[in-house]
Amino acid sequence: MIRGQGDDLSVIVCGPIEVETPAFMGTCKAAVRLRGLLPRAEIILVTWEACEASLSCREVFDNIVFLKDPGPTILEKLSGLEVKNNFARMVLAAFEGGQVATRRWLLRMRADCVLETTAALEVYSRKLRSFTVSEGPRFQAPMLVPSLYTRNPRKGGRTFHPSDLLHLGLREDFLRLFGAAIQGPYYRSRLLPRAGGALNSEQMIWLSFLNANGFSIRLAYEHTADPRLILLSEKTLCANFMVGTFGELGLRFKKPFETQADPAGCYTPEDFERCAARLSQAPLAHGVGLVTKAWWQWLLVMWKYKVMPLCFDWSPPAKAWKASLLRKLWRRLG
């Protein structure tokens, strides 16, 4: 268990320095608040060399790591559209922070996040007491992540998609997770569509870990209707993670993630616990019901994210997507 004032805890604050705005107190004030909540924790800032001049609160941190910015990962979509993704930045900052951390437990948070209470530590201890061990490659201890962005494929969410907004667990497990991401096939400056360009950062991190631990999972698209992959996604997530809401974990972010995440496709904590219990009782069962539901959810996803935007959405991102489709079609016809 993690001790209350952080004696055995390292906190890694990762990302560019955020200045104070009306919507967010800024990285420095958030760090001061964190120090008040966890006075004996080791607090580490991992940021980019270009941010050094803007850092005005060095005394709050026990260690500061300035990294050379690796730049965005360019994801080339099937349509030909190119999207900038922060996968390389996130995994590099997390791994380097874990390398310099000295405590047994580790909490990774973003530089645009405020920890309002120490509730995450209490939630971790409570959930650990009732954690159900299931099959699959496992961390030494489960890792706590937010429920938002931990996707439920039975409800149309993406497979192999644990949230990356915050991590709380053993330092050794943390280094295994992000070390696999750095050594894995997605840590590149550019990813083609079938080599990861169609995936999300969360999927790239988790698939890298699984493939480094005995699996050979090739996921070409972020969604799937394959019940075997859905079941495997559930097994591996429930064997390694616990989830909690922002409110339960005492989290607040600069970005309005609650309005951007399509929470209907994410696990609730209750959904996640029921899934873990079901898998511990019947780990091999999926049956006709899952096959039927998987295909139905896949059709709904295609309608919502492909057909509807193509026909009715004229926002700037949708226009860019349509233009890239037309360019790709023109090149093929020419």
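Structural data are supplied above this passage.
This brings us to the side chain of serine 208. By the element assignment, serine 208 lies in helix H5 (residues 201-211). In this structure serine 208 comes out as buried when scored by relative accessible area, which is 3%. From its side chain, serine 208 meets the backbone oxygen of methionine 204 in a polar contact 2.7 Å long. Not counting residues up to four positions away in its chain, the partners in contact with serine 208 are Ala180, Ala181, Gly184, Pro185 and Tyr186.

Now for the pattern of salt bridges. All told, the structure shown has 18 salt bridges when counted by the stated rule. A salt bridge links arginine 58 to glutamate 52, with the shortest nitrogen-to-oxygen separation between them at 3.5 Å. Looking at arginine 58, the relative accessible area reads 39%, which means it is partly exposed. Among the salt bridges present, the one from lysine 155 reaches aspartate 271, with a minimum N-O distance of 2.9 Å. One end of the pair, lysine 155, is in the loop between strand S8 (143-146) and strand S9 (166-170); the other, aspartate 271, is in helix H9 (residues 269-281), with 116 residues separating them in the sequence. Of the residues examined, aspartate 271 reaches a relative accessible area of 12% and is grouped as buried. Bridged by salt links that share partners, the residues Glu76, Glu82 and Arg190 form one connected network.

Counting residues in each nonpolar core, the largest one holds 94 residues, and the members touching the most others are Leu9, Val11, Val13, Phe61, Phe160, Leu168 and Trp206. With sequence-adjacent residues up to four places away left out, phenylalanine 160 is seen in contact with Glu202, Gln203, Trp206, Leu207, Leu210, Ile217, Leu219, Leu229, Leu232, Ser233 and Thr236.

Turning next to the pairing of strand S11 (residues 241-244). With burial as the criterion, each face of S11 is covered, one bearing Phe241 and Val243 and the other bearing Met242 and Gly244. Here S8 pairs with S11 via four bridges, running parallel. Residue methionine 143 lies in a different strand from S11, and its bridge partner there is phenylalanine 241.

This part covers helix H6 (residues 227-240). Over its 14 residues, H6 extends 20 Å from the first C-alpha to the last, a length consistent with the 20 Å expected when each residue adds 1.5 Å. The element H6 is largely enclosed, with a buried count of 13 among its 14 residues. Where H6 starts, the residue carrying a side-chain oxygen 2.9 Å from the main-chain nitrogen of arginine 228 turns out to be aspartate 226.

Rules used in this analysis
- Residues numbered from 1 in each chain as written.
- Predicted model: local features only at pLDDT ≥ 70, side-chain atom pairs only at ≥ 80, totals over all residues.
- Heavy atoms only, no water.
- Helix = DSSP H or I, 4+ residues; strand = E, 2+ residues; numbered from the N terminus.
- Buried < 20%, exposed > 50% of the residue type's maximum accessible area, 1.4 Å probe, protein only.
- Polar contact = N/O pair within 3.5 Å; in protein donor to acceptor, adjacent residues only side chain to side chain.
- Contact = heavy atoms within 4.5 Å.
- Salt bridge = Lys/Arg side-chain N within 4 Å of Asp/Glu carboxyl O.
- Core = buried A, V, L, I, M, F, W, Y, C linked by side-chain atoms within 4.5 Å.
- Pairing = 2+ DSSP bridges.
- Expected span 1.5 Å × (residues − 1).

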